[in-house]
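Examination of the molecular architecture
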Amino acid sequence: MTAQTSPAAAAGDWKLGDLTVNRMGFGAMRLTGSVAFGPGAPGDRERSIRVLRRAIELGVNHIDTAAFYFSPLLSANELINRALAPYPDDLVIVTKVWPARDPSGAWWWATPEQLRGQVEENLRQLGRDHLDVVNLRVPPSRKGGSIAEHFGALAGLRDAGLIRHLGVSNATPEQLAEARSIAPVVCVQNPFGVGAPPDARELLRSCAEQGIAFVPFFAIAGAGRESGATAPEHDAVLAVARAHGVTPAQVRLAWTLQQGPNVLAIPGTGNPDHLAENIAAGALRLSDDEMATLRSLG
């Protein structure tokens, strides 16, 4: 299967700095269990490895992960290493730092000086000598605050050759501007999907104007966030899904990708069937009327 004919290439591609990725990627958060960061059914190691390898077969060359994606028995980074190393030449692995979890699963947040240790942890788990892209994940408590010290520390690690490109996650427009004043930013990874508020849509538009990739998370889960798509599906989404003979999740992914050529999707799953469905959504095209109807949902 060539890159031109692969399902993951159907939505086109985008550049993260000098790294070209298909706009349909894969998120590793759900590889370690049914409920991220909480109680739930544990992930199946061999099935997760099969999912990762199948994603590559389907043309995925952009994987989103983090060292804090782990359950008592499984680590997303180590699963990626086990499944895919030696890595394909075109594979771009994106990770994130600032939050972390100790071995008990309890959360903590790094100081600027501790970010190097988090970067080195990702390098060790992934078996890499540098990280393709590192997102600075802004904590909820820092909304509206400065991220200069932390982003400056990452910029120093970029200058040292440990990181190739930088991004921000869960960031405000002001924090993005602050980061860009320190070093180039290739992507913004924020929550976004059907029903996104006006300020989120405005940030997406601004990123497009600046040539920055916008990488939504929770595009399928929506308000369910880490717990997944737990709420009853909206009638309008169901109607569009029936019209196309696809799943509501595929409609949500297609709608999100059609927000602009700089939008990259990173749906995650530990289920091989869901993986194929998610990636197939890259070829789904919604009409202008369908796009407008879904845009009106709040």
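Whatever comes next refers back to the structure up there.
Residues numbered from 1 in each chain as written. Predicted model: local features only at pLDDT ≥ 70, side-chain atom pairs only at ≥ 80, totals over all residues. Heavy atoms only, no water.

Comments concerning the pattern of salt bridges
- Evaluated as defined, the whole model comprises nine salt bridges.
- The salt bridge partner of R54 is E57, with a shortest N-O separation of 3.0 Å. In this pair, R54 and E57 both sit in helix α1 (residues 45-57), three residues apart, roughly one turn of the helix.
- Assessed through its relative accessible area of 46%, E57 is described here as partly exposed.
- As a salt-bridge pair, E120 and R116 come within 2.9 Å of each other at their nearest N and O atoms. (Salt bridge = Lys/Arg side-chain N within 4 Å of Asp/Glu carboxyl O. Helix = DSSP H or I, 4+ residues; strand = E, 2+ residues; numbered from the N terminus. Buried < 20%, exposed > 50% of the residue type's maximum accessible area, 1.4 Å probe, protein only.)

With respect to the pairing of strand β5 (residues 92-97)
- For β5, the buried fraction is high: six of the six residues fall into the buried class.
- Of the two faces of β5, both are covered, the one formed by V92, V94 and K96 as well as the one formed by I93, T95 and V97.
- Handedness of the strand β4 (residues 62-64)-helix α2 (residues 76-84)-β5 crossover: right-handed.
- Note: β5 against strand β8 (residues 131-137), four bridges, orientation parallel. Pairing of V94 across the sheet is with V133, part of β8. (Right-handed = clockwise from strand over helix to strand, strands pointing away. Pairing = 2+ DSSP bridges.)

With respect to the nonpolar core
- L52, I80, V119, L154, V168, L286 and L294 are the most contacted members of the largest nonpolar core, which totals 83 residues.
- Sequence-distant contacts of L154, that is, excluding residues within four places in its chain, are made with V97, L115, V119, V134, L136, I163 and L166.
- Core analysis: the second largest hydrophobic core is formed by 13 residues, L19, V92, V186 and L264 among them. (Core = buried A, V, L, I, M, F, W, Y, C linked by side-chain atoms within 4.5 Å. Contact = heavy atoms within 4.5 Å.)

A closer look at unusual backbone geometry
- Here the residue pair A85 and P86 is connected by a cis peptide bond, since its omega of -5° sits within 30 degrees of zero.
- Structurally, P86 is set in the loop between α2 and β5.
- One non-glycine residue, W98, lies in positive phi territory at about 110°.
- Tracing the backbone shows W98 in the loop between β5 and β6 (99-101).
- The backbone of N170 shows a phi angle near 60°, a positive value even though the residue is not glycine.
- Mapped onto the fold, N170 is located in the loop between β9 (163-169) and α5 (173-180).
- The exposure class assigned to N170 is buried, which follows from its relative accessible area of 11%.

Thoughts on helix α8 (residues 248-257)
- Summarising burial for α8: eight of the ten residues are buried, a large majority.
- Q250, V251, R252, L253, A254, W255, T256 and L257 are the residues of α8 that are buried.
- Contacts made by the buried residues of α8 are with α7 (235-244), α9 (272-280) and α10 (288-295).

A closer look at the sheet that holds strand β3 (residues 26-27)
- The parallel open sheet is built from seven strands, whose spatial order is β3-β4-β5-β8-β9-β10-β11. Strands with a single pairing partner mark the edges of an open sheet, and in this sheet they are β3 and β11 (213-214).
- Across two bridges, the pairing between strand β10 (residues 187-189) and β11 is parallel. Looking at β11, one finds that C187 is bridged to A213.

Brief notes about helix α3 (residues 115-126)
- Here α3 contains twelve residues, and its C-alpha end-to-end distance of 17 Å stays within 8% of the 16 Å for a straight helix at 1.5 Å per residue.
- At the C-terminal side of α3, G127 shows a positive phi close to 70°. (Expected span 1.5 Å × (residues − 1).)

Section: the packing of α3 against helix α4 (residues 148-159)
- Put simply, α3 and α4 touch, their axes get as near as 10 Å, and they point 50° apart. Here α3 is positioned oblique relative to α4, judged by the angle of their axes. The handedness of the crossing between α3 and α4 comes out as right-handed. Residues L115, R116 and V119 of α3 form the contact with α4, whose participating residues are H150, A153, L154 and L157.
- Taken together, the residues that form the contact of α3 with α4 break down as five nonpolar, one polar and one charged. (Axes fitted to C-alpha atoms, helices over the stretch in contact; angles between N-to-C directions. Parallel < 35°, antiparallel > 145°, perpendicular 65-115°, else oblique. Left-handed = near helix turned anticlockwise from the far one by under 90°. Nonpolar A, V, L, I, M, F, W, Y, C, P; charged D, E, K, R; others polar.)

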